[in-house]
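The primary structure of each chain is shown beneath.
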Amino acid sequence: MIYLDNAATTRTAPEAVRAMMPYLTDFYGNPSASYDFGNRAWQAVQEAREIVAEFINADPSEIIFTSGGTEADNMAIKSKAGNNLSFVRTSMIEHKAILNCMSSVSTLSPILVDKNGVVKLDERLAGMNDIVSVMMANNELGTIQPVKKIADLCHQTGAKFHTDAVQVFGHMPIDVKKIDIDMMSASGHKMGAPKGVGFLYVRKGLSIPPFIHGGGQENFMRSGTENVPAIVGLGRAVEITKQKMNDRFYETKELRDSFEKMILKIGDVKINGYNAKRLPGHSNITFYGIRAEEMLEYLNMYGICASSGSACNTGDEKPSHVLKAIGLTDAEANATLRFTMNHENTIEELKFTVDKIKEFLAIKRPR
Ligand code: PLP
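Residues numbered from 1 in each chain as written. Predicted model: local features only at pLDDT ≥ 70, side-chain atom pairs only at ≥ 80, totals over all residues. Heavy atoms only, no water.

Notes on the side chain of T9
Rules: Only DSSP runs of H or I with at least four residues qualify as helices, and only runs of E with at least two residues qualify as strands; both kinds are numbered from the N terminus onward. The cut-offs for exposure are 20% and 50% of the maximum accessible area for each residue type, with area from a 1.4 Å probe on protein chains only; residues under the lower value are buried, those over the upper are exposed, and the others partly exposed. Between N or O atoms, a polar contact is any pair within 3.5 Å; within protein, one atom must be a potential hydrogen donor and the other a potential acceptor, and residues adjacent in sequence are included only when both atoms are from side chains.
When you line up the elements, T9 lands in the loop between β1 (2-3) and α1 (14-24). On the basis of relative accessibility, which here comes to 16%, the residue T9 falls in the buried class. Only 2.7 Å separates the side chain of T9 from the side chain of H189, close enough to count as a polar contact. At a separation of 3.2 Å, a polar atom in the side chain of T9 contacts the side chain of K195.

Quick notes on the domain arrangement of the protein chain
Our working rule: Domain start and stop positions are those given by an automatic or database domain assignment. Whether two residues are in contact is decided by their heavy atoms, any of which lying within 4.5 Å being enough. Once two parts are brought into contact, the accessible area they lose, counted with a 1.4 Å probe and summed over both, makes up the buried area. Salt bridges are defined as contacts in which a side-chain nitrogen from Lys or Arg sits within 4 Å of a carboxyl oxygen from Asp or Glu.
Partitioning the protein chain into structural domains gives domain 1 (2-6 + 245-364) and domain 2 (14-240). The centre of domain 1, based on its C-alpha atoms, is set 27 Å off from the matching centre of domain 2. Residue-level contacts link 25 residues of domain 1 with 29 residues of domain 2. At the boundary of domain 1 with domain 2, total buried surface from both sides reaches about 2300 Å², with 61% on carbon and sulfur atoms. At the junction of domain 1 and domain 2, the tally comes to zero salt bridges. Inspection of the domain 1/domain 2 interface yields seven residue pairs in polar contact (both at pLDDT 80 or more). At the level of secondary structure, the elements contributing two or more residues to the side of domain 1 that touches domain 2 comprise α7 (228-266), β9 (282-287) and α9 (321-325). Residue contributions to the side of domain 1 that touches domain 2 peak at four residues, all from α9.

Let's talk about the sheet that holds strand β11 (residues 336-340)
Applicable threshold: Between any two strands, pairing holds if DSSP finds at least two bridges. An axis is simply a line fitted to the C-alpha atoms; with a helix, the fit covers only the stretch in contact. Between two such axes, the angle follows the N-to-C directions and lies from 0 to 180 degrees.
Sheet architecture is open: three strands sit in the order β8-β9-β11, paired in antiparallel fashion. A strand with exactly one partner marks an edge of an open sheet, and here the two such strands are β8 (269-272) and β11. Within this sheet the neighbouring strands show an average axis-to-axis angle of 25 degrees, counted without direction. With four bridges joining them, β8 and β9 adopt antiparallel strand pairing. Opposite I271, over in β9, you have I285 as the bridge partner.

Concerning the packing of aromatic side chains
Rules: Only Phe, Tyr and Trp rings take part, Trp by its six-membered ring, and two of them pair if their centres are within 6.5 Å. Stacked means planes under 30 degrees apart, edge-to-face means over 60, and tilted covers everything else.
Summed over all chains, the structure comprises nine aromatic pairs. Judged by centre distance (5.4 Å) and plane angle (55 degrees), the rings of Y298 and Y302 are tilted. Among the residues examined, Y302 registers a relative accessible area of 34% and is labelled partly exposed. Judged by centre distance (6.4 Å) and plane angle (70 degrees), the ring pair of Y302 and F352 falls under edge-to-face. With Y302 in the loop between α8 (292-301) and β10 (304-305) and F352 in helix α11 (residues 347-364), this residue pair connects regions lying 50 residues apart in the sequence. According to the relative accessible area criterion, F352 is partly exposed, its value standing at 32%. Here the aromatic cluster, defined as three or more aromatic residues joined through ring pairs, consists of Y298, Y302, F352 and F360.

So, a nonpolar patch on the surface
Defined as follows: Patch membership requires over 30% relative accessible area and the absence of a salt bridge. Like charges are linked within 9 Å, and nonpolar side chains (Val, Leu, Ile, Met, Phe, Trp, Tyr) within 5 Å. Each accessible area is a Shrake-Rupley result for a 1.4 Å probe, and residues are judged covered by the shown protein chains and nothing else.
A cluster of nonpolar side chains, contributed by V17, M21 and L24, occupies part of the molecular surface with about 250 Å² of accessible area. Within the element layout of this structure, M21 appears in helix α1. A relative accessible area of 40% places M21 in the partly exposed class.

Section: the nonpolar core
Generally speaking, soluble globular proteins have nonpolar side chains that are buried together. To keep things clear, this is the line we draw: Throughout this description, the term nonpolar core refers to a set of buried Ala, Val, Leu, Ile, Met, Phe, Trp, Tyr and Cys residues connected via side-chain atoms within 4.5 Å.
Membership of the largest hydrophobic core comes to 63 residues, with the highest contact counts inside it found for I56, F169, I174, M184, F199 and L234. Looking at this core, you find at least three residues from each of domain 1 (2-6 + 245-364) and domain 2 (14-240). M262, I271, M341 and F360 belong to the second largest nonpolar core, which has 28 residues in total.

Points about α11
Going by this rule: Multiplying 1.5 Å by the helix residue count minus one yields the expected span of that helix. Note that the arc is defined by the directions from the helix axis to the C-beta atoms.
Here α11 contains 18 residues, and its C-alpha end-to-end distance of 26 Å stays within 8% of the 26 Å for a straight helix at 1.5 Å per residue. For α11, the complete set of buried residues consists of E349, L350, T353, V354, K356, I357, F360 and L361. Taken around the axis of α11, the buried residues stretch over an arc of 165 degrees, which confines them to a single face. Residues E348, A362 and I363 are exposed on α11 and point more than 90 degrees away from its buried face.

Regarding the environment of M135
You can see M135 is positioned in the loop between β4 (131-133) and α5 (147-157). Given a relative accessible area of 2%, M135 falls into the buried group. Excluding its chain neighbours within four sequence positions, the residues that come into contact with M135 are I93, E94, H95, Q145, V147, T163 and D164.

Considering the packing of α7 against α11
What counts, and what does not: Any angle from 65 to 115 degrees is called roughly perpendicular, while one under 35 is roughly parallel, one over 145 is roughly antiparallel, and all others are oblique. Here a crossing is taken to be left-handed if its near helix is turned anticlockwise relative to the far helix by less than a right angle, and right-handed if that turn runs clockwise. Throughout, the ten residues Ala, Val, Leu, Ile, Met, Phe, Trp, Tyr, Cys and Pro are labelled nonpolar, Asp, Glu, Lys and Arg are labelled charged, and all others, Gly among them, are labelled polar.
With their axes 10 Å apart at the nearest point, α7 and α11 run at an angle of 20 degrees to one another. Comparing the axis directions of α7 and α11 gives the class roughly parallel. Viewed along their axes, α7 and α11 form a crossing whose handedness is right-handed. Of the residues in α11, those touching α7 at L255, S258, F259, M262, I263 and I266 are I347, L350, K351, T353, V354, I357, K358 and L361. A class-by-class count of the residues in the contact of α7 with α11 yields ten nonpolar, two polar and two charged.

So, in structure tokens, the structure goes:
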């Protein structure tokens with residue numbers, strides 16, 4: 001297998017699996033229980049909270065563990081839904097975890113993006129009490145958004161700023177204090193932690209109502225017995241990532257850039273987001289005149305995993321809203337594939353993939 005879909009999910013790091021095992025086997029106590037056996041699980045959760053908090057320059061009390069990025073996004077957006085005085089404003093290229101929350105809250109017109117997939121800033125982003133939600137980097141294009149400028153604009157008018165950092169967390173440094181973020185969503189399974197765990201960072205002093213009611217876990221914000229093994233796995237994945245993130249960034253970028261050099265030589269292709277600052281592993285390519293689904297099937301025959309649009313929209317036949325937002329036609333959007341690499345890929349894998357792409361194009365675009 002050649003796995004080029006690391007923005008959809010990643011392999012759980014072996015170190016994270018090893019750290020989780022005791023909490024799946026011997027130490028299965030409920031962290032809310034008062035005896036030592038429960039306390040052991042509680043301690044493990046608190047340790048993970050400290051590791052995660054330190055990694056983004058937050059306080060442990062500012063971390064609410066969730067089941068992943070989708071839940072964290074829902075928590076952030078719906079937190080203000082009960083307050084009729086506030087509106088939510090978001091960009092056209094957000095993940096569906098944000099966009100599909102919009103039907104349940106009052107919204108302002110979407111923030112537009114340019115043809116490179118970067119949001120266009122306007123001076124009056126939102127009014128007092130409103131929330132602006134703009135992702136830190138886009139999941140399809142990898143384009144990095146000007147979140148510091150957006151946070152500053154929000155705070156000039158008294159609006160609050162939420163960012164979906166699911167694609168960035170564990171791949172590039174994040175300092176929530178420096179950027180001045182009010183709320184931030186992150187997910188474990190995009191950076192070597194298991195699936196089903198993530199968190200919402202909520203700045204101290206920002207009061208949002210509980211999202212899930214019950215026994216009062218996670219500081220009453222998100223009740224339900226904590227997923228102890230997954231939270232421990234997240235903590236361990238962060239520890240590993242912290243040591244290696246810088247090297248992995250450059251290794252991955254080098255692989256991606258070599259891949260794109262080979263792709264550009266093919267001709268009749270366009271790399272979307274090419275002129276913007278991007279995450280190191282994303283490559284979003286329109287191959288004019290083909291159908292992405294057919295190319296994916298062809299690549300799949302050789303064990304190559306890539307995606308069209310967002311894997312989180314499986315079964316969604318509509319052209320990607322992100323590609324439409326940057327001006328692609330339906331035909332172009334449906335001729336577009338996303339390859340996402342990480343440090344585990346090799347140049348040999350990428351050369352093989354390019355060969356298979358060329359083979360497919362030779363069949364579909366006969367001269
Ligand atoms: N936000 C972004 C930008 C994503 O890329 C994803 C997943 O692809 C999510 C949210 C959803 O995260 P999760 O799968 O942890 O629910």
